[in-house]
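Residue strings, one per chain:
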Amino acid sequence: MPRPTKKSPERGDARTRLLEAARDVIRQKGFSATTVDDLCRAAGVTKGAYFHHFDTKEALGIAAAEFWAETTSALFANAPYHAPADPLDRVLAYVDFRKTIIEGDLAAFTCLAGTMTQETYTSFPAIRDACAASIFGHAATLEPDIEAAMRAHHLTACGWTAQSLARHTQTVLQGAFILAKATGDPEVARESVDHLKRYIQLLFHRPDHKGD
């Protein structure tokens, strides 16, 4: 997922600033380790403001996942990978775009929804569900281009679906983020994305002449 766009504490209302803080701090420290004090300090608000908007940490986690889905949806909707006329080129351009935003600090490019899912999938099912909605909702945006590419390449009876491939892209990306965290090296994540692109090219019998 994209790097956060940090705002000064003076900009935006308290709730938005707290959600921006949650987006950034949770990706750095994890959901369990993030405290109310951490969020208030990062957002530049008081504890009173925090508890005015979020009466529990679970409520904050759910809202943070929904905020993540909303803000990243806007980024991807305006991304350049939608430009190619060929639907397969759009799918491959999406993969290329995901690679370009894997850079800098780990917390700057890893996924809030994926991070929280790993910690909350049994302890906070409502947060898990909100994170799932974010991840699967994003995957669904890829399905129309994949379906169009399948029709263009006569792959309508190939044993897999546009939905399954779209979800697989997210499986690879989330796994790539974990490997980057495990090694402290974004290059490991970019390597995984390169393999994802090769896999899609093989599915569609598209030779890779560039070696990328």
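Caption draft 1: The overall build of the protein chain, seen in detail. The number of helices and strands found in the protein chain is 11 helices and zero strands. For the protein chain, the α and β elements follow one another from N to C terminus as α-α-α-α-α-α-α-α-α-α-α. By its C-alpha atoms, the protein chain is 60 × 30 × 30 Å across when sized along the principal axes. Looking at the protein chain as a whole, 46% of its 212 residues are labelled buried. By sequence separation, contacts in the protein chain at least 24 residues apart represent 67% of the contacts at least 6 residues apart. Carbon and sulfur atoms make up 55% of the accessible area of the protein chain, which amounts to about 10,500 Å² in all. In the protein chain, 24 side chains carry a positive charge and 26 a negative one; their mean positions are 2 Å apart.

Caption draft 2: Up close: the confidence of the model for the protein chain. Of the residues in the protein chain, 92% reach a pLDDT of 70 or more, and the chain-wide mean stands at 92. Taken element by element, the protein chain is modelled with least confidence in helix 6 (residues 106-109), mean pLDDT 90, and with most confidence in helix 8 (residues 125-140), mean pLDDT 98. Every residue in residues 3-11 is under pLDDT 50, and counting partners more than four places away or in other chains gives 19 contacts.

Caption draft 3: How the structure looks around unusual backbone geometry. Although it is not a glycine, His 154 adopts a positive phi angle of roughly 55°. For His 154, the location among the structural elements is in the loop between helix 9 (143-152) and helix 10 (162-183).

Caption draft 4: Quick peek at the nonpolar core. By size, the foremost hydrophobic cluster in this structure holds 62 residues, and its most contacted members are Leu 39, Leu 60, Met 116, Ile 146, Trp 160, Ile 200 and Phe 204. At eight residues, helix 10 tops the list of elements feeding residues into this core. Setting aside its immediate chain neighbours within four residues, Phe 204 contacts Leu 88, Ile 146, Ala 149, Met 150, His 153, Leu 155, Trp 160 and Leu 165.

Caption draft 5: Summary view of the side chain of Gln 170. Here Gln 170 shows up in helix 10. With relative accessibility at 5%, the residue Gln 170 sits in the buried group. Apart from residues lying up to four places away in sequence, Gln 170 is in contact with Tyr 94, Arg 98, Ile 135, His 138, Ala 139 and Leu 142.

Caption draft 6: Summary view of helix 4 (residues 57-77). Its 21 residues place the ends of helix 4 30 Å apart at the C-alpha level, agreeing with the 30 Å of an ideal helix rising 1.5 Å per residue. Packing partners of the buried residues in helix 4 comprise helix 1 (14-29), helix 2 (36-43), helix 3 (47-53), helix 5 (87-100), helix 7 (112-120) and helix 8.

What counts, and at which threshold
Residues numbered from 1 in each chain as written. Predicted model: local features only at pLDDT ≥ 70, side-chain atom pairs only at ≥ 80, totals over all residues. Heavy atoms only, no water. Helix = DSSP H or I, 4+ residues; strand = E, 2+ residues; numbered from the N terminus. Buried < 20%, exposed > 50% of the residue type's maximum accessible area, 1.4 Å probe, protein only. Contact = heavy atoms within 4.5 Å. Areas by Shrake-Rupley, 256 points an atom, 1.4 Å probe, with all protein chains shown as cover. Lys, Arg positive; Asp, Glu negative; His and termini not counted. Charge placed at Lys NZ, Arg CZ, Asp CG, Glu CD. pLDDT = per-residue confidence, 0-100. Core = buried A, V, L, I, M, F, W, Y, C linked by side-chain atoms within 4.5 Å. Expected span 1.5 Å × (residues − 1).

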